[in-house]
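# Structural overview for review
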Amino acid sequence: MTTPHIAPQITDSHCHLDFPDFDDDRDALIARAHEAGVTRMVTICTKLRLEPNIRALAERYDSVFYAAGTHPMSAADEPMAKVDELVALAQHPKFVGIGETGLDYHYTADSKAVQQESLAVHIEAARQTGLPLIIHARAADDDMARILGDAHRAGAFSCVMHCFSSSRALAEAALDLGFYLSMSGISAFPKSQDLCDIFAAAPKERILVETDAPYLAPPPHRGKRNEPAYTAHTARVGAELFGMDYADFAAQTQTNFERLFTKAAA
């Protein structure tokens, strides 16, 4: 009698399960994630008016947790988040992080000032709740490093640089503050050697894995819809980068996730 293969456990620390891309097969998608060893998913609310929908997903599925904030690309179009609003939302038992928030000057540089104001609100909410800040950073490395550094010196908070694909300088600035870097499917793309080198130089104790589904599917699914089960592809790349057995790297990322997302661990 052969024993069934059990995949090492991992967590998709950032996905968007509320997106309409998943409306036709959400139950099956969650089941596929479990089969791939993905025991937990953190689904992210990017517009606070949609928070009830994301909360409902976390309440429906045991393995789904959630975070909420205003995405920087939406900061100019959505009502400004309020600290007390985020703190109140964080009372929900499955609400485990603040964001995603951050700076995106690639598409929305014209709203820099509003993005920075929104980011400050989310940082204060992370301080008050003790929950990790979830940062989106694109084409804004200098401002991102400066703002996070100044804010952390004014009052500590924990943080993950989600879907990290920025410069070595920003990675080092974040790590120096005690923050975490999250690997997405980008790390598995053929032309991502520079990014892989940045991850390989980081402490393995500060690495998370994610999909950012439905975006950024890793090979062999690149160009198709991403889903939480594919976290395993990115984690295998991470294991190679750190010269670790896949099961050992998976266990390391689980420990890291639980150290940062303490509420999900509990």
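Overview of the structure. For clarity, every value in this text was computed on a predicted model and none was experimentally measured. (Residues numbered from 1 in each chain as written. Predicted model: local features only at pLDDT ≥ 70, side-chain atom pairs only at ≥ 80, totals over all residues. Heavy atoms only, no water.)

### A few points about unusual backbone geometry
Peptide bonds are, in most cases, trans, and in most cases residues other than glycine have a negative phi. In this structure, the amide linkage connecting A213 to the following residue, P214, adopts the cis form with an omega of 15°. By secondary structure assignment, the location of P214 is in the loop between β8 (207-209) and α8 (231-241). Residue P220 is bonded to the preceding P219 through a cis peptide linkage, with omega at 10°. With respect to the helices, strands and loops of the structure, P220 is situated in the loop between β8 and α8. Look at C163: it is not a glycine, yet its phi comes out positive at around 50°. As for its position among the elements, C163 is in the loop between β6 (159-161) and α6 (168-176). (Helix = DSSP H or I, 4+ residues; strand = E, 2+ residues; numbered from the N terminus.)

### Looking at the pattern of salt bridges
For the structure shown, the criterion picks out 14 salt bridges. Across the salt bridge formed by D104 and R138, the nearest N and O atoms sit 2.9 Å from each other. Of this pair, D104 sits in strand β4 (residues 95-104) while R138 is found in strand β5 (residues 133-138), placing the two residues 34 residues apart along the sequence. Among the ionic contacts, a cluster of salt bridges with common partners joins D25, R32, R225 and E227. (Salt bridge = Lys/Arg side-chain N within 4 Å of Asp/Glu carboxyl O.)

### Some points on the nonpolar core
Counting 72 residues, the largest nonpolar core has L148, M161 and L181 as the members making the most contacts within it. Look past the residues within four positions of M161 in its chain and what remains in contact with it is I135, A137, M144, L148, L170, A174, Y180, L181 and S182. If you look at the next biggest cluster of nonpolar residues, it comprises 13 residues, including I44, A67, V96 and L208. (Core = buried A, V, L, I, M, F, W, Y, C linked by side-chain atoms within 4.5 Å. Buried < 20%, exposed > 50% of the residue type's maximum accessible area, 1.4 Å probe, protein only. Contact = heavy atoms within 4.5 Å.)

### Brief notes about the side chain of E227
Note on placement: E227 falls in the loop between β8 and α8. Since its relative accessible area comes to 4%, E227 is described here as buried. What E227 contacts, discounting residues up to four positions off in sequence, is F22, L29, R32, T211 and A213.

### Some details on helix α1 (residues 26-35)
Those residues of α1 that fall on the buried side of the exposure criterion are R26, L29, I30 and A33. An end-on view of α1 places all buried positions within 100° of arc, on one side of the element. Buried residues in α1 make contact with β2 (38-45), α2 (51-60) and β3 (64-68). Note on α1: the residue one or two positions beyond its end, G37, has a positive phi of about 95°. (Arc of directions from axis to C-beta.)

### A closer look at the packing of helix α4 (residues 112-129) against helix α5 (residues 141-154)
It is the contact of α4 with α5, at a shortest axis distance of 11 Å, that shows an interaxial angle of 35°. Read as a crossing pair, α4 and α5 show a hand that is right-handed. Two secondary-structure elements touch here, α4 through Q116, L119, I123 and R127 and α5 through D143, M144, R146, I147, L148, A151 and A154. Here the contact of α4 with α5 is composed, by residue class, of seven nonpolar, one polar and three charged. (Axes fitted to C-alpha atoms, helices over the stretch in contact; angles between N-to-C directions. Left-handed = near helix turned anticlockwise from the far one by under 90°. Nonpolar A, V, L, I, M, F, W, Y, C, P; charged D, E, K, R; others polar.)

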